[in-house]
Every structure is written in structure tokens, then in C-alpha cells.
Amino acid sequence: MFPNALVILTQPVSALRAQIPRLLDHVASLVSSTVYIHLHPGACSISALQSSPFSPVACTKDVQSFISDVYGQSSSRCQNLDIRILLAHITNKSSAPLMRYQLNRPLSALFSDAPFVLDSWRSDKASVMQLLQQNFSDGITDSLVVQALDHASKSGGDNSPAMGRNDCGDTELTTYDYVVLGGTFDRLHSGHRLLLSQSCLLCDKRITVGVTDEAMNKKKTLKELIRPQEEREAEVSEFIRDVKPSIDVDAVCISDMYGPTIHVPELQCIVVSQETARGATMINDEREKKGMKKLDVLTIELIEDTCHAPEEEEKVSSSSQRRRLLGTLLRPPPPRPHLAPHPYRIGLTGGIASGKSNMCRELQQLGAPAINCDQLGHKAYAPGTEGFKAVVAEFGSQLVTDTGDIDRKQLGAIVFSDKSKLDRLNSIVWPHILRLAEEEIQRLAADGVSVVVLEAAVLLEAGWDNSVHEVWTTFVPREEAIQRQIRRNQLTEEQAALRVDSQLSNKDRLARSNVAVSPLWEFDYTRKQIQNAWHLLQQRLPSASCL
């Protein structure tokens, strides 16, 4: 498999549209990461492709439809590939600046439907290398592999000359100097790439992309897994600069549906998806009130998700993508050379009412015994222990009851009214809890246990993540955790909110987690997440055990 590849297509775009399924199947069988598609209908030799910058290709409805078809079909045929159709040389403006591409991903293969590309590679390799280095990337090396596409001789038509810049016979599109669009843009998928590409196709000078902030995302499904604002802005900018370096890109944070559209008069066109089309009408109403010219509106159809599960959306969406992250490895675990490889340690954490106990029971049924650190906490300052002596010395002998135990209720009243005292108690108790947990782990190791779960609500706060190989987090939205507290413990909403907010936020936990599970839906779906996490763990245990 090649990590990244460039595909040069020289047939008429109208003919290429019928070949998209075969093209995508071909690249999906050979490429694992990114596929760049370069359209240059009419080129008949390497010299015709070598001009820098490229001669322009007409921006037509056929090109627009080709883009829609590629991204639409890629969601079902190669959804794991990052498809990028290059657009800088596709323009109807004779005066438009045409810049060379500087592709962000290093190329390891070149595919083309033009026999002359492969012929030139065999007879005059230097010319092909010059073409690629001059127009696409100067990092291309002799290790590049050049192949013909398997459909190159199956165009379905005759051998008539391909259409050039002025004889394509297709309707040219109206383009604009200033185009705007907006969205969440969380983990770019084929729907995002279609929306961004169609926007770039219509743009001649500057494209403005509004990226929603945290407040706008608060009603999104699994909002806790949405990437940080700056990462989403950077990903959008990187994609646009890759496919159309001839235009400026301005990725901006938006805190409402209007963003810059009602403040920047020079904007001319807004590109929206079907689900946000109504917003374009509202934006134009506001622009009209402010005396601005209405924006032309291009509506992009949503892409059908042919691989969606019953509980997911029927159209390609970020919310479905976030669901698919549950029970998978969000990020590789860090090396823990100080830990013995066996048993492999999973640190399970989560906020109040987030389903830790249910998850522990499921993991125990799968073969991983659990150590409950909350229960060990009771033993950490049992009578006669070092923890007992330290707590009494710090908080007073009045805490000791007639039976010789520490009055936990009285101690709680002291520390929960003063955070500094709670911090002091934790500094005393947490090391003793970890010591007890280590003793239990060693006992399980002697019994031949291969995986053990360390369940601790304060796993991250206590720094115990350094004592486990992976951190698994179970979470529900703040609002759900509050309602569960109210139902389970008969608390007021204010009391429940105080308990939830006194802990680490979901966002902070997930930022330090390797696997996430959310029991927000029916339990069978939660069980599927846990079983998937367990299955994937078994696959990586051999390599993980070498850490």
C-alpha cells in the first residue's frame, strides 16, 4: 500500500464521471491515506503538463458534478481515504493568478489515465520528475512508483481528442471574488470536503470559513469529543491551501449563525448544506436590513452514508463519526517502561453518575478483575494504619469514635467545606490507596491475570495514570449527570450540579484518555462499545506489553 498518491486525469471530465467507481476502487486498493486528483483534460504529452503554472482548465458544471460524484461515492467506496481534488488551475478568469501546488502530504505513487505518463516514466524519467517537482512537490524522490490506472483503456467512448480549455462544450460557472461558508468541521469527512471544495471552486480571491465555537456546539451529540477550536480551524485552512493555494483563506471563530456574513459587505456568495439552507435566508434578511447586497446561495446536497449503523444518521455526519470513536483507541498509550507488562493495567475513570460500575462489571465478565479504589480508600486510614495516624495528627483526635474508627461523616464536614483541607487529606490518603492497589495487582499477577482494571474516580487528579498502561473514561454530558444524581440520590438540582462541577470536566478527562465509552443510550449499545474496546485491546496487547 502507498501512503499518498497523485492521480492525473487527462480524459474529458464528462467521460470521467462514468469511471469514478472504478477509479475509487482502484486507488482504495493501493492507497492508505491521501489521494490527490489533478484534472487536466486535453493534455497529450508530458510537455503539455509541464508548464508552470498550469494552463487553466474551464470551471464548468461538469467539473462541479465530477467533484460532487467523487466525494459522494468516496463515502461508500473508500471512506477511510482523504480525497483531495486540486482546484487552483480550474478557473474561468484569464487574469487569475495560477500558483504551483505544494502538497502537504509526501507522494509515494503517481497514477494516470494517460499512457504517455507511463511511457515517459520509462523513457525519460527526468521529465516526469521535473513535472512533479515543479508543479506539485519538490520533495518527490526516485522511489516514486508510477502506474497506469486500470480503467485508462476503458473510457467507454471512442478515441477522439480530449476536450481542451475552450472546446469543452459545457456551461461555465459563475465565480466570485469573496465566498463564505460555516460549520463545525470536526474531523473532516467526505461531506466537509465536498462543501469546502465546491466553495473553493467558486472562489477567485478569498474564502471565509466560520468555525463554530464551544457555545455553538453545546447541543451537538458527544460534544465532549469535538476537537478544539484551533485544531478545526487549522484543518480547514490546511485543506484549502492544499487544494487551492491561489486563494486566501480566512478561518474564523463564530459564536452565532451569522458570523462575519452580516458585517462584511464585500461577501458575494454563501455555500450551505441542505440542513443549513434556512440559515442562508436568515442571513440575507439581516444583510438587507443593514443595507448590504444579498448573498448568492449555493446549496450542497448531503452525502448519503451507506455504511451507517441503525443508531447513526443516514447522511455522512460528524456526530456519526464521533459515535464511531467510542470504544476505539483515541490516542496511543504513552510508554510506561517502569511498569511490568503483565498484568496489563487499565485505569478506568469518569465523573459522578457516568456508569463506571456498570463498565467494571462488563469488563470483569470479559476477564479483567477490577480493583475499586473508592473501597480501598476506606482501608487507607483504618485503625492502626499509617494513614490513620496521619489523618488524626492532621485533623485532630476528636475524629476518633468510641470504636476506634475515624468518623467519616465528621471528617467529610471538615474537608468539604475547605478545599485546602480536602487537598491535605488527599495528599495523605492517595499514596496509601495506591500502595494497597499495587499490593492487589501483585496478588492478581501471581494468579496469572493478564489484564486488570483500576477503577478510580480521581485517577487523573491523583496522578495514578502514571501507574496504568491505558486510561479508559466513561462519560455522559454534564446535564445528564446532574439528572442522574437527582434521580439516584434525591438531591436538588443545585446540590447535584455542585457535585458534578467539583470534579474534572469531561473535556479535561477525555484529553488524557486513550479510550472513551458513553452510556448515554440503551445499555446494549454501551455493551457494544465495551466489547469493541476489549476486542481492540486484545489485538494490541502483544505490542503494548513491550512498552
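Our structure is the block above this text.
The present account deals with the structure reproduced in this document. Predicted model only: the values in this text are computed from it and were never measured. (Residues numbered from 1 in each chain as written. Predicted model: local features only at pLDDT ≥ 70, side-chain atom pairs only at ≥ 80, totals over all residues. Heavy atoms only, no water.)

1. Some thoughts on helix H16 (residues 478-489)
An α-helical segment advances 3.6 residues per turn. Residues three or four places apart therefore align on the same side. How we decide: What counts as a helix is a DSSP run of H or I of at least four residues, what counts as a strand is a run of E of at least two, and both are numbered from the N terminus. Helix span is expected to be 1.5 Å times the residue number reduced by one. Classification of residues uses two cut-offs on accessible area relative to the type maximum, computed with a 1.4 Å probe and protein chains only: under 20% is buried, over 50% is exposed, and between them is partly exposed. Here the arc refers to the directions that run from the helix axis out to each C-beta atom. It only takes one pair of heavy atoms within 4.5 Å for two residues to be counted as in contact.
Here H16 spans 16 Å end to end across twelve residues, near enough to the 16 Å set by a 1.5 Å rise per residue. Listing the buried residues of H16 in full gives Ala481, Ile482, Arg484 and Gln485. End-on view of H16: buried residues confined to an arc of 165°, all on one side of the axis. Residues of H16 that are buried in the fold lie against helix H17 (493-501). Once H16 ends, the next one or two residues include Gln490, with phi positive near 55°.

2. As for the pattern of salt bridges
Stated formally: Every case where a carboxyl oxygen of Asp or Glu lies within 4 Å of a side-chain nitrogen of Lys or Arg is listed as a salt bridge.
Taken as a whole and judged by the stated rule, the model has 37 salt bridges. A salt bridge links Arg105 to Asp82; the nearest nitrogen and oxygen atoms lie 3.4 Å apart. Of the two residues, Arg105 is situated in the loop between strand E3 (82-85) and strand E4 (109-112) and Asp82 in strand E3; the sequence distance between them amounts to 23 residues. The partner of Asp186 in a salt bridge is Arg187, with the nearest N and O atoms 3.2 Å apart. Note on accessibility: Asp186 and Arg187 belong to one class, buried. Within the structure, one salt-bridge network assembled from shared partners comprises Asp82, Arg84, Arg105, Arg193, Glu238 and Asp242.

3. With respect to the sheet that holds E4
Short version of the rule: A pair of strands counts as paired when DSSP detects no fewer than two bridges linking them. For helices, the fitted axis covers only the stretch in contact; all axes are lines through C-alpha atoms, and the angles between them, taken along N-to-C directions, range from 0 to 180 degrees.
Read from one edge of the open sheet, five strands run E3-E2-E1-E4-E5, paired in parallel fashion. In this open sheet, the two edge strands, each paired with only one partner strand, are E3 and strand E5 (145-148). The mean inter-strand angle of the sheet, taken between neighbouring strand axes irrespective of direction, is 20°. The pairing of strand E2 (residues 31-39) with E3 spans four bridges and is parallel. By the bridge assignment for E3, Thr34 is matched with Asp82.

4. Let's talk about the environment of Arg122
Examined against the element boundaries, Arg122 turns out to sit in helix H5 (residues 115-123). Classification of Arg122 as exposed rests on a relative accessible area of 63%. Measuring from C-alpha to C-alpha, the distance between Arg122 and Phe523 comes to 60 Å, with 401 residues separating the pair along the chain.

5. Examining the pairing of strand E6 (residues 176-183)
In terms of burial, E6 is a largely internal element, six of the eight residues being buried. Pairing analysis gives seven bridges linking E6 to strand E7 (residues 203-212), with the strands arranged parallel. Paired with Tyr178 across the bridge in E7 is Arg206. Pairing geometry for E6 and strand E9 (residues 269-273), over two bridges, is parallel. Opposite Val180, over in E9, you have Ile270 as the bridge partner.

6. A few points about the side chain of His469
Threshold: What qualifies as a polar contact is a pair of N or O atoms within 3.5 Å, subject to a donor-acceptor requirement within protein and to the restriction that residues adjacent in sequence count only when both atoms come from side chains.
Secondary-structure assignment places His469 in the loop between strand E13 (451-455) and strand E14 (470-474). Looking at His469, its side chain comes within polar contact range of the main-chain oxygen of Ala340, at 3.3 Å. Engagement of the side chain of His469 in a polar contact is seen with the backbone nitrogen of Arg345, the distance being 2.8 Å. Discounting chain neighbours no more than four positions away, the residues touching His469 are Pro333, Pro334, Arg336, Leu339, Ala340, Pro341, Pro343, Tyr344 and Arg345.

7. Thoughts on the packing of helix H2 (residues 20-30) against helix H4 (residues 61-77)
Put simply, the test is: Angles below 35 degrees are treated as roughly parallel, those above 145 as roughly antiparallel, those between 65 and 115 as roughly perpendicular, and all remaining angles as oblique. Note on convention: the crossing is left-handed when the near helix lies turned anticlockwise from the far helix by less than a right angle, right-handed when the turn is clockwise.
H4 packs onto H2 with a crossing angle of 50° between their chain directions and a minimal axis gap of 10 Å. Overall, the two elements H2 and H4 adopt an arrangement that is oblique. Crossing hand, H2 versus H4: right-handed. On the side of H2, the interface is formed by Ile20, Pro21, Leu24, Asp25 and Ala28, while H4 contributes Phe66, Asp69, Val70, Gln73, Ser74 and Arg77.

8. Some thoughts on the packing of aromatic side chains
Operational definition: Stacked, edge-to-face and tilted are the three classes for Phe, Tyr and Trp ring pairs, Trp counted by its six-membered ring, which pair at centre distances within 6.5 Å; planes under 30 degrees apart are stacked, over 60 edge-to-face, the rest tilted. Any Lys NZ or Arg CZ that is within 6 Å of a ring centre and within 35 degrees of that ring's normal is treated as a charge sitting over the ring.
Here the structure, examined in full by the defined rule, presents four aromatic pairs. Seen in terms of ring centroids, Phe2 and Phe111 are 6.2 Å apart; in terms of plane orientation they differ by 65°. Their pairing is edge-to-face. Of this pair, Phe2 sits in strand E1 (residues 2-9) while Phe111 sits in strand E4, and the two are 109 residues apart along the sequence. Summarising the aromatic geometry, the rings of Trp521 and Tyr525 are spaced 5.4 Å apart at their centres and angled 85° between planes, so their arrangement reads as edge-to-face. A cation over an aromatic ring shows up here: Arg323 above the ring of Trp521, its NZ or CZ 3.9 Å from the ring centre.

9. A short note on the packing of helix H13 (residues 386-395) against helix H15 (residues 419-446)
When two helices pack together, their arrangement is given by the angle between the helix axes and by the axis-to-axis distance. Put simply, the rule is: Note on residue classes: Ala, Val, Leu, Ile, Met, Phe, Trp, Tyr, Cys and Pro are nonpolar, Asp, Glu, Lys and Arg are charged, and everything else, Gly too, is polar.
Running from N to C, H13 and H15 point in directions that differ by 165°, and their axes come no closer than 9 Å. On the basis of their axis angle, the class for H13 and H15 is roughly antiparallel. Judged by the sense of rotation from one axis to the other, the crossing of H13 with H15 is right-handed. For the pair H13 and H15, contact is made by Glu386, Gly387, Ala390, Val391, Glu394 and Phe395 and by Lys421, Arg424, Leu425, Ile428, Val429 and His432, respectively. The residue makeup of the contact of H13 with H15, split by class, is six nonpolar, two polar and four charged.

10. Section: the side chain of Ser467
By the secondary structure assignment, Ser467 is in the loop between E13 and E14. Every residue in contact with Ser467, bar those within four places of it in the chain, is listed here: Leu339, Arg345, Leu434 and Glu438.

11. Side note on the nonpolar core
We apply this condition: Definition of nonpolar core: a set of buried residues of the types Ala, Val, Leu, Ile, Met, Phe, Trp, Tyr and Cys, connected through side-chain atoms within 4.5 Å.
Counting 58 residues, the largest nonpolar core has Ile37, Phe66 and Ile240 as its most contacted members. Broken down by element, the residue count for this core peaks at six residues, all from helix H7 (residues 190-202). Ile37 has contacts with Val7, Leu9, Leu23, Phe66, Val70, Ile83, Arg84, Ile85 and Leu86, leaving out every residue within four places of it along the chain. Among the nonpolar cores identified, the runner-up in size contains 32 residues, and Ile428, Ala437, Leu460 and Val468 belong to it.

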